[in-house]
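# Understanding the architecture of this molecule
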Amino acid sequence: MSDVVAMEVRGLTRRFGARVAVQSLDLTVRTGDVYGFLGPNGAGKTTAMRCIVGLLRAQEGTVKIFGESHLTRARRHLGAMIETPAFHEWMTGRDNLWLSACYLGLSSPSAEIDRVLERVGLTERARDRAGTYSLGMRQRLAIARALLGQPKLLLLDEPTNGLDPRGMREMRELIRSLALHDQITVFVSTHLLPEVQAICNRVGILQNGRLQAEGAVDQLLSDNAAVETVVEVGSTAPDAVKAVVAELDPATLLGAGAHGRLRVRLDEPFTVPDLVKALVAHDVPLEAIVPDKRDLEDVFLELTK
Amino acid sequence: MTFALLLRAESVKLLSRLSARLGLVLAGGIGLGATLGLFGLASSGIVVNGAELSQSLDTSAPLAARWALSLRNLWLMQALVLLLATQSFAGELNARTLREELVRPVPRSAVLLAKVGAVALWIALSLLLQYLVACGTGLVLFGADGPWRDVTLGYLGTFLGDLSFAAVAFAAATLVRSVPGTLVGVLLFIVFEKLLAWFLYVAEGARGMLPPDMNQVPAFVDWVFAAQPMLPSAAWGIGGELSVGTDTLLISWAALAIYFVVGLAVADRRFAWSDIP
């Protein structure tokens, strides 16, 4: 991460008639960020992204990409995949890339096309018609198209939409690799919160067209951390655990957790070592004590409820 | 970014479409069919009004090309021009491939001009192919004598007429934004305009038959009759007039230019302010 701002959005507003799709949106994406743009369906993510790339006209607000506010010039730094990618189905994957390369002003794009095809692992099928590609291949071809011309900022709208688990993992690894190895700043919108937590360092959460929260993932989690501590206790004698917890005032049994464990809430100043000490003192056979941390999904659900 | 690259991309894309390729085959077929038709009639021994048709039918390579042009101008190829212009804009808008072009660092007006340029290239190719096939076959069957200048000018005039029509088709596509809507809208406009032209033609003829004392009409009626050569079908059909050596009117050329410029301006403004789905 650096202090150089890759994309700055200020006061972006877009209405469709009386309906406000995006309201006074402010976003700051720094160079090197993998920025997760989150929000429930209909929150205005895609509308905001369309405004950012200039497909929709924002009624208010400004967008700067690497300091450039003239949108046509700003798009030189930008590769984008907005919603479901579309191709000229009767043309080959390679020819589709060639068309895009012409639009980028690349007069001899052959080497560049080879590079992006290899980057997304589509070299073998590049000469097949785009209409014969699977959904995963189409997503990869769309990423290849967005990578043409070596953009410094990549905007990806739901890149894992419709992919199977293997495809999702491949896409996640590709995005991570683009950020790490190609030094590309990535702005990605998705519903898949575990994915975001795995690959993004910063997130913005949108609800009803308004930004509810923005910041580093760790910061967001700690800001929204719960006061009490919750742990899951694994034991071969769950009844013994229940009996001990029932005797302890600052501990409350919450019910069943994952893998047959029991969820226990500890109220301050009672800590996890205190709980362990109490269980050991009663000869309860312990298998695991797992902190039940709040994740991004909890924060997201709380902010967008 | 050079416009030449955009034009190249759009031309390659357009020429890879099945409709464009079939159109070029059709253009060649019209050239060949018209020439063979002329040859068949000239050598058929058909008698009309007591005389053999071959005696009254002029045959030559340029006349074969003129026959082909007349056949083409029966709205056969213009319908394809309309289809290609509509596919280039409304078709790509609906298929969402236009979106992929507009996230590139290219002004929308350059994208539009490249699309118009690609359609212009296709019109030129189709006319050239038809001209070469008709003239080549005609040279073999009839020899080289004939009104080369008129027919060649007719082809050039048809190119300009079709280009002007294409600009109007692009304007319609940017306004309507759907392929069926644009096709139906433009075809209805053509039918309406033909009816109007026919009505004016009949009315002017009827007026000529009236006695002078009944022929007193307001001045604007005279202007309406005088404006007939400015009607779209008259302006777009200027190539046919040129090919038979008819003197064309300046107002028809002016109308041709106006339809082209207004069509492009409407398309450009509309496209510039359109939201892209």
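Thresholds applied
Throughout, a residue's number is its position along its own chain's written sequence, starting from 1. To read the labels, note that chains go from A and ligands from 1, taken in the order they are written. Under the rules for a predicted model, residues below a pLDDT of 70 receive no local features and side-chain atom pairs below 80 are neither given nor counted, while totals for whole chains, interfaces and linings still include all residues. Only hydrogens and water are set aside; all other atoms, that is, all heavy atoms of the structure, feed into the side-chain values. In this text, helices come from DSSP runs of H or I with a minimum length of four residues, and strands from runs of E with a minimum of two, each type numbered from the N-terminal end. Summary of the burial criterion: residues with accessible area below 20% of their type's maximum are buried, those above 50% are exposed, and those between are partly exposed, where the area comes from a 1.4 Å probe applied to protein chains only. The contact criterion used throughout is that any non-hydrogen atoms of two residues lie within 4.5 Å. In this tally, Lys and Arg are treated as positive and Asp and Glu as negative; His is ignored, and so are the chain termini. Charged groups are reduced to one reference atom each: NZ for lysine, CZ for arginine, CG for aspartic acid, CD for glutamic acid. Patch membership is restricted to residues that have no salt bridge and whose relative accessible area is over 30%. Joining uses 9 Å for like charges and 5 Å for the nonpolar side chains Val, Leu, Ile, Met, Phe, Trp and Tyr. Residue burial considers only the protein chains on display, and all accessible areas are found by Shrake-Rupley using a 1.4 Å probe. Note on definitions: salt bridges are taken to be side-chain nitrogens of Lys or Arg within 4 Å of carboxyl oxygens of Asp or Glu. Here a helix's expected span is defined as the number of its residues, less one, multiplied by 1.5 Å. Fitted lines through C-alpha atoms give the axes, limited to the stretch in contact for helices. The angle between two N-to-C directions lies from 0 to 180 degrees. Here roughly perpendicular refers to angles of 65 to 115 degrees, roughly parallel to angles under 35, roughly antiparallel to angles over 145, and oblique to all remaining angles. Helix crossings get a hand from a simple test, with the near helix turned counterclockwise from the far one by less than a right angle marking a left-handed crossing and a clockwise turn marking a right-handed one. Note on residue classes: Ala, Val, Leu, Ile, Met, Phe, Trp, Tyr, Cys and Pro are nonpolar, Asp, Glu, Lys and Arg are charged, and everything else, Gly too, is polar. Using a 1.4 Å probe, buried area is obtained as the accessible area two parts lose upon being combined, added over both of them. Under the rule applied, a polar contact is a pair of N or O atoms within 3.5 Å (in protein, one hydrogen donor and one hydrogen acceptor; residues adjacent in sequence only if both atoms are side-chain atoms). Pairing of aromatic rings covers Phe, Tyr and the six-membered ring of Trp, with a centre-to-centre limit of 6.5 Å; geometry is then stacked below 30 degrees between planes, edge-to-face above 60, and tilted otherwise.

Below, the discussion takes up the overall build of chain B. Scanning chain B from N- to C-terminus turns up 13 helices and 2 strands. Taken along the three principal axes of its C-alpha coordinates, chain B extends 70 × 60 × 30 Å. By the burial criterion, 46% of the 277 residues in chain B qualify as buried. For chain B, the proportion of contacts with a sequence separation of at least 24, taken over those separated by at least 6, is 82%. Side-chain charges in chain B split into 17 positive and 17 negative, and the spacing between the mean points of these groups amounts to 16 Å.

Residues and elements named next belong to chain B. On the surface, a nonpolar cluster with roughly 900 Å² of combined accessible area is contributed by Val191, Phe192, Leu195, Leu196, Trp198, Phe199, Tyr201 and Val202. Among the secondary structure elements, Val202 is positioned in helix H9 (residues 179-209). The exposure class of Val202 is partly exposed, given its relative accessible area of 40%.

For an α-helix, the turn length of 3.6 residues means that residues three or four places apart are oriented alike. All names here are of chain B. With 12 residues, helix H4 (residues 61-72) extends 17 Å between its outermost C-alpha atoms, agreeing within 8% with the 16 Å of an ideal straight helix rising 1.5 Å per residue. For H4, a buried count of 9 out of 12 residues is recorded, marking the element as mostly surrounded by other parts of the structure. Within the sequence span of H4, burial applies to Ala61, Pro62, Leu63, Ala64, Ala65, Arg66, Ala68, Leu69 and Arg72. On its buried face, H4 sits against helix H2 (18-42), helix H5 (76-95), helix H7 (108-142), helix H8 (148-176) and helix H12 (238-243).

Before going further, it helps to spend a moment on unusual backbone geometry. All names here are of chain A. Phi angles above zero are rare outside glycine, and Glu83 is one such case at about 55 degrees. One can find Glu83 in the loop between strand E5 (78-81) and helix H3 (93-104). Judged by its relative accessible area of 27%, Glu83 falls in the partly exposed class.

Looking now at the pattern of salt bridges. Evaluation of the coordinates by the stated rule reveals 29 salt bridges over all chains. One salt bridge in this structure joins Glu83 of chain A and Arg96 of chain B, with 3.6 Å as the shortest N-O distance. On the criterion of chain membership, the pair formed by Glu83 of chain A in the loop between E5 and H3 and Arg96 of chain B in the loop between H5 and helix H6 (97-102) is interchain, its members lying in two chains. The exposure class of Arg96 of chain B is partly exposed, given its relative accessible area of 34%. One salt bridge connects Glu83 of chain A with Arg99 of chain B, and the closest N-O pair in it is separated by 3.8 Å. Here Glu83 of chain A, found in the loop between E5 and H3, pairs with Arg99 of chain B, found in helix H6, and the two come from separate chains.

Between its first and last C-alpha, H8 of chain B extends 41 Å over 29 residues, near the 42 Å set by a 1.5 Å rise per residue. Positive backbone phi, approximately 65 degrees, marks Arg177 of chain B, located one or two places after H8 of chain B.

Attention shifts here to the packing of H3 of chain A against helix H5 (residues 135-147) of chain A. Residue and element names in this part refer to chain A. Orientation of H3 relative to H5, taken along the N-to-C sense of each, is 30 degrees, at an axis distance of 10 Å. Looking at the two axes, H3 sits roughly parallel to H5. Crossing angle aside, the handedness with which H3 passes H5 is right-handed. For the pair H3 and H5, contact is made by Gly93, Leu97 and Ser100 and by Leu141, Ala144 and Arg145, respectively. Broken down by class, the residue content of the contact of H3 with H5 amounts to 3 nonpolar, 2 polar and 1 charged.

Our focus in this paragraph is the side chain of Gln139 of chain A. Residues and elements named next belong to chain A. When you line up the elements, Gln139 lands in helix H5. The exposure class assigned to Gln139 is buried, which follows from its relative accessible area of 3%. Among all residues touching Gln139, those that are not within four sequence positions of it are Met81, Pro85, Glu158, Pro159, Thr160, Asn161, Leu163 and Met171.

Another aspect to go through is the interface of chain B and chain A. Tallying the contact residues gives 31 residues for chain B and 33 residues for chain A. Taken together, both faces of the contact between chain B and chain A bury some 2900 Å²; the carbon and sulfur share is 58%. Considering only the surface of chain B that becomes buried against chain A, Val103, Arg104 and Pro105 of chain B emerge as the three largest contributors, covering 24% of it. The interface formed by chain B and chain A holds 4 salt bridges in total. Our enumeration of links across chain B and chain A arrives at 15 residue pairs in polar contact (both at pLDDT 80 or more). Breaking the side of chain B that touches chain A down by element, the ones donating at least two residues are helix H1 (3-15), H5, H6 and H7 of chain B.

The next thing to look at is the side chain of Ser19 of chain B. Residues and elements named next belong to chain B. Here Ser19 shows up in helix H2. A distance of 2.9 Å separates polar atoms of two side chains, one belonging to Ser19 and the other to Gln87. Once residues lying within four places of it in the same chain are set aside, the contact partners of Ser19 are Leu80, Leu83, Leu84 and Gln87.

Residue and element names in this part refer to chain B. Going through the model one piece at a time under the given rule, you end up with 8 aromatic pairs over all chains. Measuring from ring centre to ring centre gives 5.0 Å for Phe89 and Phe271, while their planes differ by 90 degrees; the resulting arrangement is edge-to-face. Remark: Phe271 occurs in helix H13 (residues 250-272) and Phe89 occurs in helix H5; sequence separation between them is 182 residues. On the accessibility criterion, Phe89 (1% relative accessible area) is buried.

Residues and elements named next belong to chain A. Two elements in contact, H3 and helix H4 (residues 110-120), have axes separated by 10 Å at closest approach and are oriented at 125 degrees. In terms of axis orientation, H3 runs oblique to H4. In this structure, H3 meets H4 at a crossing whose hand is right-handed. Listed contacts from H4 to Arg94, Leu97 and Trp98 of H3 are Ser110, Ile113, Asp114, Val116 and Leu117. Residue composition of the contact of H3 with H4, by class: 5 nonpolar, 1 polar and 2 charged.

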